[in-house]
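Residue-level listing of the chains:
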Amino acid sequence: MLGYIVRRILATIPVVTVVAILVFLLLRLTTGDPAAIIAGDSATTQQVAEIRVKLGLERPLVEQFVIWVGRMVRGDFGESYFFKKTVAELIRDRLEPTAALAVCTILLAVVLAVPLGVLAAARRGTWVDRVVMGLSVLGFSVPVFVIGYALIYLFAVELAWLPVQGYQRLAEGFWGFLERLILPSSTLAVIYVALIARITRASVLEVLGADHVRTARAKGLGNTTVLLRHVLRNAAVPIVTVIGLGVALLIGGVVVTESVYGIPGLGRLTVDAVLARDYPTVQAVILLFSVVYVMINLLVDLTYTFLDPRIRY
Amino acid sequence: MKSAFNRSVLIGSAILAVIFLIGLAAPYLGTRDPGQIDPISRNKRPGAVRILTSADGRQVSTTYWMGTDSLGRDVYSRVLYGARVSLLVGISVALISMAAGLAIGLLAGYLRWLDGFVMRIMDGLMAVPAILLAIALVSLSTAGLRAVILAIVIPEVPRVVRLVRSVVLSIREEPYVEAATALGARTVPLIVRHVLPNALAPLIVQATYVCASAIVIEAILSFLGVGIPPQTPTWGNIMAEGRALFRVFPHNILFPGIFLAATVLAVNIMGDGLRDSLDPRLRNRL
């Protein structure tokens, strides 16, 4: 098992390397002088020259890449000339809203989707199953910003139960913090719920046909006990996998949701940085999101060994 | 193989056909120039009627079925014309990524020495969330239809490559492929004759999902203001322009939103139907 864990961790290295190369090349693929692009429109010639030296732009591309990676690893993401801050500072400021939104969404999605999926599988072919699966196709199809505005209109404008937009830091009070997260997390959770519910249903259906489930029923165990103890546990691996893979959808959704709800997080920062052609920030945010995604899936793969002791690599 | 025309496929393709026709026939469906700015009829609610008396005393009445936006442009016309961009992007992205994915996937699956290198790049591309990669790519060039299509194709290609490669890997071990190799079949005709037909069914299903995801990503890019500029109406940028006054005039977001959701839903329903009829083994998968 230790061998598997080590191999799995090592396998992330090429992926992260390729991501780093892609992100690095992003700026080199634009037409024009990268230093001038980074410095922005209002930069002086001297500033541009400084950046050129700092990035090592006169050196060969490979050397530039090594310099760049070295800086990234040390946490020096460069400077945002648009926001007049270092990129590291920018990211630190914007981390909390995004983390809060993501965690809330994942919790909400798992709590809703797993029971729905199990229910649909247990009542296969009935109207319950059809409703859950129909909603899942719907949830997969309605784009996140459409859901966002529909929820805002219903719960914030018409019913006035919740604030329309904005974000409040956790330090400024828990209720205000939570209140402003309910709508964004629900919005973002829809596609995630659709995804997890589908996989849960499929995975549970597969296990339901297994011999040990028939044995458990033959022993006279109740339906709920069979489902929870004998089925769900064995169906867990695909469900956990899709929760991990779904983080890619979640990150994409964060970018949109934060724009809809005016949440000053990393997603909003990405859009603002792209609109301002602030490439150091764009590079850092993409690298960060991708590394987080790879790490989450690494963790997911590692949990297999605990979830299913039969898995031996 | 059951008939490909099961109920889901029929429903999905019927809705799509309607939207396709709407986009195609947009100029003949009582629309006006979707870009025409009209300061005196800004922010009209859906169904509002404006009656103008011309110089010779004739009365001309205009009905804004879906209201107007904050520049007085007719939302009905913009939404109908917007169907063109969504379908064009969806279909082109699906076709281009299928073609590219098929070529790369066949090569990677068949030429062992290329496989490792190509798949590492694909893994790397897949590690960047699709929307994020598209946003970053679109920022590299001036926004326009071509840039948007390319920016959506790149994140979609690796998913197709993986699919094609997995089909190739499972088929190259089949006795009939071995037999063909033993008989001296050359690589390219072998791929075309024996491997390609097996990859077709899952590929068609995948194409519908790529199409749905492309339509959503295009709308998101336009909505965020990094996609197609508002001179060309798209459902995403109509919604983007309705954002500021959303609480008072929700129609700017409502109507394009309904069309967008209906289109994506239709493509997904069609995809699910095709999957069930073309490849029953996939039925319980995603």
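Bear in mind that the values here come from a model prediction, so they are computed numbers and not experimental data. (Residues numbered from 1 in each chain as written. Chains lettered and ligands numbered in written order. Predicted model: local features only at pLDDT ≥ 70, side-chain atom pairs only at ≥ 80, totals over all residues.)

Visitor: How should the overall build of chain B be read in this particular structure?
Guide: In terms of helices and strands, chain B carries nine helices and two strands. For chain B, the proportion of its 286 residues judged to be buried stands at 46%. Of the contacts formed within chain B by residues at least 6 apart in sequence, a portion of 72% connects residues at least 24 apart. (Helix = DSSP H or I, 4+ residues; strand = E, 2+ residues; numbered from the N terminus. Buried ≥ 20, exposed ≤ 12 C-beta atoms within 10 Å, placed from the backbone. Contact = placed C-beta atoms within 7 Å.)

Visitor: It is not clear to me how the pairing of strand β2 (residues 59–64) of chain B should be interpreted in this structure. Could you clarify?
Guide: Side-chain direction in a regular strand flips from residue to residue, so the side chains alternate between the two faces of the sheet. Residue and element names in this part refer to chain B. One ladder, built from six bridges, connects strand β1 (residues 48–53) with β2; its direction is antiparallel. Bridged to valine 49 within β2 is threonine 63. In this structure, the hairpin formed by β1 and β2 is closed by a connection of five residues, where glycine 57 is found at a positive phi of approximately 90°. (Pairing = 2+ DSSP bridges.)

Visitor: Would you mind going over helix α7 (residues 144–158) of chain A with me for this structure?
Guide: Since one α-helical turn is 3.6 residues long, residues separated by three or four positions face the same way. Relative to the 21 Å expected for 15 residues at 1.5 Å per residue, α7(A) spans 20 Å between its end C-alpha atoms, a close match to the ideal helical length. The largest bend along α7(A) reaches roughly 30° and is located at A:Ile152. Taken together, the buried positions of α7(A) are occupied by A:Val144, A:Phe145, A:Val146, A:Ile147, A:Gly148, A:Tyr149 and A:Ile152. Those residues of α7(A) that are buried lie in contact with α8 (174–208) and α11 (247–261) of chain A together with α7 (187–224), α8 (235–242) and α9 (251–278) of chain B. Remark: A:Ala160 follows α7(A) within two positions and exhibits a positive phi of approximately 55°. (Expected span 1.5 Å × (residues − 1). Bend = angle between axes of the 7 residues up to and from the residue.)

Visitor: Explanation requested: the interface of chain A and chain B in the structure shown.
Guide: One frequent convention defines the size of an interface as the accessible area lost when the parts assemble. Each partner contributes residues to the interface: chain A has 41 residues there, and chain B has 37 residues. Secondary structure elements with two or more residues in the side of chain A that touches chain B: α1 (2–29), α6 (127–141), α7, α8, α11, α12 (266–275) and α13 (279–307) of chain A. For the side of chain A that touches chain B, the element with the highest residue contribution is α1(A), accounting for seven residues. Tallied by class, the residues present in the side of chain A that touches chain B amount to 32 nonpolar, six polar and three charged. (Nonpolar A, V, L, I, M, F, W, Y, C, P; charged D, E, K, R; others polar.)

Visitor: How should α1(A) be read in this particular structure?
Guide: Here α1(A) is 28 residues long and its end C-alpha atoms lie 41 Å apart, about the 40 Å a rise of 1.5 Å per residue gives. Those residues of α1(A) not exposed but buried are A:Val15, A:Val18, A:Val19, A:Ala20, A:Leu22, A:Val23 and A:Leu26. In this structure, the buried residues of α1(A) make contact with α4 (61–73) and α13 of chain A together with α3 (112–127) and α4 (130–138) of chain B.

Visitor: Can you walk me through the confidence of the model for chain A in this structure?
Guide: Atomic detail in the predicted coordinates should be set aside for any region of low pLDDT. Put simply, chain A has an average pLDDT of 84, and 97% of its residues get 70 or more. Across chain A, helix α5 (residues 87–122) of chain A holds the top mean pLDDT of 90, while helix α2 (residues 34–39) of chain A sits lowest at 74. (pLDDT = per-residue confidence, 0-100.)

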